[in-house]
Amino acid sequence: MIKVDNLTVSFGPVRAVESVSLDVQAGDIYAIVGESGCGKSTLAYALLGIVPPPGRVTAGEVRWKGKSLSHMSKSELKHMRGAEVAMVFQAAMNAFSPVITIGAHLDHALEAHPDVFPRRRDGQEYFRHLLELVRLDPERTWRAYESQLSGGMKQRVAIALALALKPSVVVLDEPTTALDVLNQRLVIDILADLHSSLGVTVIFVTHDLALVAELAGKVAVMYAGRLVEAGTVDEVFDERGRRHPYVSALTAAIPSVVGAASAVRPVPGEVPNLAQLPPGCRFSPRCAFAEDICWVEEPDLVPDRSGHLVACHVANRLVGVVSEK
Amino acid sequence: MNLLEVDAVTHRYRARPARPVLEQVSLVVRPRELVSLVGESGCGKTTLGRLVAGLERPSSGHVRFNGRDIWSLRGRSAKKWRLSVQLVHQDPYASLNPGLSIGSTLGAGLVHNKLAQRRNLHEHLLGLLRQVGLEATPEFLRRFPHQLSGGQRQRVAIARAISVRPSLLVADEVTSMLDVSMRVAILDLLRSFSEDRGVASLFISHDLGVVRYFSRGGRILVMFYGTLVEQGPTEEVVARPKHPYTYLLLEAVPVPNPTLARERAATRPPAALEGGPASTGCAYSNRCPFAEARCRQDKPPSVEVSPGHQVACHFPERVPPPSTAHGNCQSPGPLPTGPAVARVGFEPSRATEPQ
Amino acid sequence: MRDRLYGLKMFCKDLWRLSKHDKGALAGGCVVVVYCLVAVIGPYVARVGGVANPADAYLPPSLSHPLGTGPLGQDVLAELVVGTRPIMEVGVLAAVMTVSVGVVVGLVSGYLGGFADSVLMRATDVALTVPGLALVIVIAGVVRTSSPVVLAAILSVTGWAGLARAVRSQALSLRSTEFVEAAKQQALPLRNIVGRQLLPNVGPYVAIHFLLDVTGAIYAEVALFLLGVAPMSGTNWGTMIYLAMGQGALFTTKSMLYLFSPMAAIVVLQVALVFFTRVLDAVFNPRLRAQ
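Residues numbered from 1 in each chain as written. Chains lettered and ligands numbered in written order. Predicted model: local features only at pLDDT ≥ 70, side-chain atom pairs only at ≥ 80, totals over all residues. Heavy atoms only, no water.

Along its length, chain A carries twelve helices and twelve strands. The C-alpha atoms of chain A give 21 Å as radius of gyration, which agrees with the globular expectation for 325 residues (20 Å, within 12%). If one aligns the C-alpha atoms of chain A with their principal axes, the spans along those axes are about 65 × 50 × 35 Å. Expressed as a percentage of the 325 residues in chain A, the buried residues total 56%. (Helix = DSSP H or I, 4+ residues; strand = E, 2+ residues; numbered from the N terminus. Rg over C-alpha atoms; globule rule 2.2 N^0.38 Å. Buried < 20%, exposed > 50% of the residue type's maximum accessible area, 1.4 Å probe, protein only.)

Set out below in structure tokens:
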């Protein structure tokens, strides 16, 4: 459905996203994971073609159902955003206007895309159904103002609003950050339900590996603008399989209620400044397994038989997967 | 003597006098102890933290520090207490004055409290930066908050708090706004203060994973809408919770393990994930899958189920072992089938409850 | 101390850098600087007074009188230049007084609340409801003074109230911010909280208000001179207009230059000040200052 082909998005001389390729099929729940500043939000915006200036796509392209976004007309793009690919932005709970009701927010969305629901009332009814699916009282929520709802509720309303125009894909940027644990659980369950009952393709961007483990089917891991690993969620979380050291380090850095608490280790070092990248593998300064080649040559993404991609000299060598060079 | 005593504190906001934010809450923190306070958002834990730090005065009850009620202190002893308890806020973007450089922010407390002379202030500040793991350079001191990342700002806030040599740190959701990979470093930093400087910590969070890591060797207090429902040694409470709410929290928290996540999804208890407290009887009775008529009528007493481990529940024995114990994917045992168990899935929430 | 100088240096550097981007602000700033220079050195350069020669009244512009002459044969340009200092002196003084009182009242009232707040706000209400200019005219008429300080004080008798209100609301919202709470936790004294925590955050508003107060004070001042209520000794733009009115300047077109010159001088200064305020907002915001 959405194919990203060797995409590079630059902000002046800095490449926030570099040579990223991924393929989202219909019905996937796709997670894009990374720390702050790795380019994942920029990538999410690029999927809808809304990278904010001064950012620009400087190489590669994003294709929606085969058609490149750069070749689409303004009206095609406008139709695509909202009615076919919807986005729930980061901290969506802050995106509500305090002076109008939730129902009014929906009306604005319906007005912007009159072709989706020619009769306003159908759109409103569908939205009420969506509110039930996100486990909110439809009547009360419809009439409520944003100040009357909690942060968790607003996040769910934002998800309902995104789905109100029946998009086939919904992109969520950090859907559970700023929510407490029980609200996170609610959102995870709701997204899983929505995926199965509405058949919508879900793409979400996050730094929270627990969210990924609970919800995602496929995972793409980004570091400093590049894709370092991509595969199914089981492949990426398999401690005994081929993995990028960043992913191992990240998993070990999460304090959790499972596993030994004393085994948690912080990831050493800091995310590199994109304007001053180290030569060779970008993760090498923080990597426990770095070898000589890592400091010199940037590793390519190498697939194994099932399509699991890892960009790491050491990991690929150890498991005997060699890049075609 | 206990460092901190919260004695039967009840607190209401003037705007909503009907429902108290905290109800008859009592707790104790000993010197050098690591104590965590965990609960969902809106449960009153932040308010409790602020009362402990003396930023607000409880409507009734007492907050005692080293045996003395903090609101009865005057003059020099009041000032001494003021520096002994420091609260670090959740939002690293709001807790630093945007118009002041880092050096000014950190230096103010030191200079005004005569903890450093002007001539060695610079050295002292660099030392402070080093202690919290920031780059100890004069250039860094000249930076402004908007030039730092969230994690760096949080470290500056922590540096400011420990610069006045407190005996108790209250950390209010200090890691919630940070990247998951940054949290451990901050938690380790806070823990190190207990060992190196003898500082006790009251760590407030909604995230059980973080809380378990932080207060290992210490204690956990579980709060539900103004009431402490369970407290005890960290590992004990996490491995053998005896309150249905703690059990729910453990079962609901997302874990970074897809296999375990799938298994838990099948056996998660049918407890409501949101909704305010009940007005009669046990506060949790309207959301509890094990609740019975008695729960809705009588407030449960606090019982000691094992040394140091207390629970406020009528039927603590009903709580099964959680699936997260010892990291094993063990199923949690048969679910209760009493008359009070709601249908599987979600309970209708009391929507539009403002936070 | 070194830190303060460094801060000042950075402030000026940023001011310059931001002005370069905003042509209007730059132009305004330059004009204001010119006026200040004229105010300072003017009286040493130009000469007025001397014998009045009505025969030379309202001469057209020439090399020796670039702006022509006034009703008594005096050089208009000379009068303009000499007249700059008294006007600006009083204007700036009045603005300083207005702003000082307004900020202190606002910050103390907003931060402390309670009884102090009630008392100060009632005083502010009175100052706001009394018609400012009328009161100023009356007081000036009664207290016949030639001291610029007293005149400035009269001009600022009600002007501080609006600023006090605005600063108070800022202080109210700032006092519950987390960094102010943190300052309280560090047992910082009141003067630090008001001075270091609150004041820099109301800085931009205050600075802009200051410049606008200067324009307001100048208008009020000129009005006083125009109405003959302020002392008529000395030469300044206000007395020029007053004299012109008194000498029948409205009845002949030859006096146009004499009449308009002081007015133009006033208007150009006001516009320059207003233009300059555009860059002040940016320079007080640290976010916009660095890189």
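What helix H10 (residues 245–252) of chain A keeps buried is the set Pro245(A), Tyr246(A), Val247(A), Leu250(A) and Thr251(A). Residues of H10(A) that are buried make contact with helix H8 (209–215), strand S9 (218–223), strand S10 (226–232) and helix H9 (233–237) of chain A together with helix H7 (180–197) of chain B. (Contact = heavy atoms within 4.5 Å.)

In this section: the side chain of Asp172(B). Residues and elements named next belong to chain B. Note that Asp-172 resides in strand S7 (residues 168–172). Comment: no salt bridge for buried Asp-172; closest opposite-charge side chain is Lys-45, at 6.5 Å. Excluding residues within four positions of it along the chain, Asp-172 makes contact with Thr-46, Val-88, His-89, Gln-90 and Ile-204. (Lys, Arg positive; Asp, Glu negative; His and termini not counted. Salt bridge = Lys/Arg side-chain N within 4 Å of Asp/Glu carboxyl O.)

A few words now on the interface of chain B and chain A. If you look at the interface, chain B gives 51 residues, while chain A gives 48 residues. For the pair chain B and chain A, the summed buried area comes to about 4,000 Å², and 65% of that belongs to carbon and sulfur atoms. There are three salt bridges connecting chain B and chain A. For Arg264(B), the salt bridge identified is with Glu214(A), shortest N-O distance 3.4 Å. The interface formed by chain B and chain A contains ten residue pairs in polar contact (both at pLDDT 80 or more). Secondary structure elements with two or more residues in the side of chain B that touches chain A: H7, helix H8 (208–214), helix H9 (234–239), helix H10 (244–252) and helix H11 (258–267) of chain B. By residue number, the principal contributor to the side of chain B that touches chain A is H7(B), which donates seven residues. Per-class residue counts for the side of chain B that touches chain A are 25 nonpolar, eleven polar and 15 charged. (Buried area = accessible area lost by both parts, 1.4 Å probe. Polar contact = N/O pair within 3.5 Å; in protein donor to acceptor, adjacent residues only side chain to side chain. Nonpolar A, V, L, I, M, F, W, Y, C, P; charged D, E, K, R; others polar.)

Okay, the nonpolar core next. Of all hydrophobic cores here, the largest spans 141 residues; its most connected members are Phe204(A) and Leu190(B). Setting aside its immediate chain neighbours within four residues, Phe204(A) contacts Ile29(A), Tyr30(A), Ala31(A), Ile32(A), Leu172(A), Pro175(A), Leu211(A), Val212(A), Leu215(A) and Ala216(A). With 46 residues, the next largest nonpolar core counts Leu18(C), Tyr35(C), Ala39(C) and Ile218(C) among its residues. (Core = buried A, V, L, I, M, F, W, Y, C linked by side-chain atoms within 4.5 Å.)

All chains considered together, the criterion is met by 42 salt bridges over all chains. Salt bridges sharing common partners tie together Arg15(A), Glu18(A), Arg226(A), Arg282(A) and Glu298(A).

As a further point, take the packing of helix H6 (residues 151–163) of chain A against helix H7 (residues 181–198) of chain A. All names here are of chain A. Remark: H6 packs on H7, axes separated minimally by 10 Å, with the N-to-C direction vectors making an angle of 15 degrees. Between H6 and H7, the angle is such that the two are roughly parallel. H7 is crossed by H6, and the crossing has right-handed handedness. Every residue of H7 that contacts H6 at Gly-152, Gln-155, Arg-156, Ile-159 and Leu-163 is listed here: Asn-183, Leu-186, Val-187, Ile-190, Leu-191, Leu-194 and Leu-198. Grouping the constituent residues of the contact of H6 with H7 by class yields eight nonpolar, three polar and one charged. (Axes fitted to C-alpha atoms, helices over the stretch in contact; angles between N-to-C directions. Parallel < 35°, antiparallel > 145°, perpendicular 65-115°, else oblique. Left-handed = near helix turned anticlockwise from the far one by under 90°.)

All names here are of chain B. The eight strands lie next to each other as S6-S7-S8-S3-S9-S10-S12-S11, forming an open sheet whose pairing is mixed. Here the strands that pair on one side only, and so sit at the sheet edges, are strand S6 (85–88) and strand S11 (302–306). Taken pair by pair, the neighbouring strands of this sheet meet at an average axis angle of 20 degrees, ignoring direction. Sheet topology note: the S11/strand S12 (residues 309–312) ladder contains four bridges and is antiparallel. Bridged to Val-303 within S12 is Val-311. (Pairing = 2+ DSSP bridges.)

Counting from both sides, the interface comprises 31 residues of chain B and, opposite them, 20 residues of chain C. With both sides pooled, the region where chain B packs onto chain C buries about 2,100 Å², and carbon together with sulfur makes up 53% of that total. On the chain B side of the contact with chain C, Asn97(B), His112(B) and His146(B) bury the most area, a combined 25% of that side's loss. At the boundary of chain B and chain C, one finds one salt bridge. As a salt-bridge pair, Glu181(C) and Arg50(B) come within 2.6 Å of each other at their nearest N and O atoms. Inspection of the region where chain B meets chain C yields nine residue pairs in polar contact (both at pLDDT 80 or more). Among the elements that take part in the side of chain B that touches chain C, helix H3 (residues 102–112) of chain B stands out by supplying four residues, more than any other. Residues that form the side of chain B that touches chain C fall into these classes: 13 nonpolar, twelve polar and six charged.

Residues and elements named next belong to chain B. Counted according to the given criterion, the structure contains zero disulfides over all chains. Between Cys-43, a cysteine without a disulfide, and Cys-282, which holds the nearest cysteine sulfur, the sulfur-to-sulfur distance is 15 Å. Assessed through its relative accessible area of 1%, Cys-43 is described here as buried. (Disulfide = S-S within 2.5 Å.)

Turning our eyes to something else, we now look at the arrangement of the chains. Ranking the two pairs of chains in contact by number of contacts places chains A and B first. You won't find any contact between chain A and chain C; their C-alpha atoms come no closer than 15 Å.

If you trace the backbone, Thr105(B) turns up in helix H3. For Thr105(B), a relative accessible area of 9% translates into the label buried.

Turning our eyes to something else, we now look at unusual backbone geometry. The peptide bond linking Pro53(A) to Pro54(A) adopts the cis configuration, its omega dihedral lying at 10 degrees. Tracing the backbone shows Pro54(A) in the loop between helix H1 (40–48) and strand S4 (55–64). You will see that Ala8(B), though not glycine, has its phi angle at about 45 degrees, which is positive. Residue position: Ala8(B) is located in strand S1 (residues 4–11). Backbone geometry places Glu173(B), a non-glycine residue, at a positive phi of 50 degrees.

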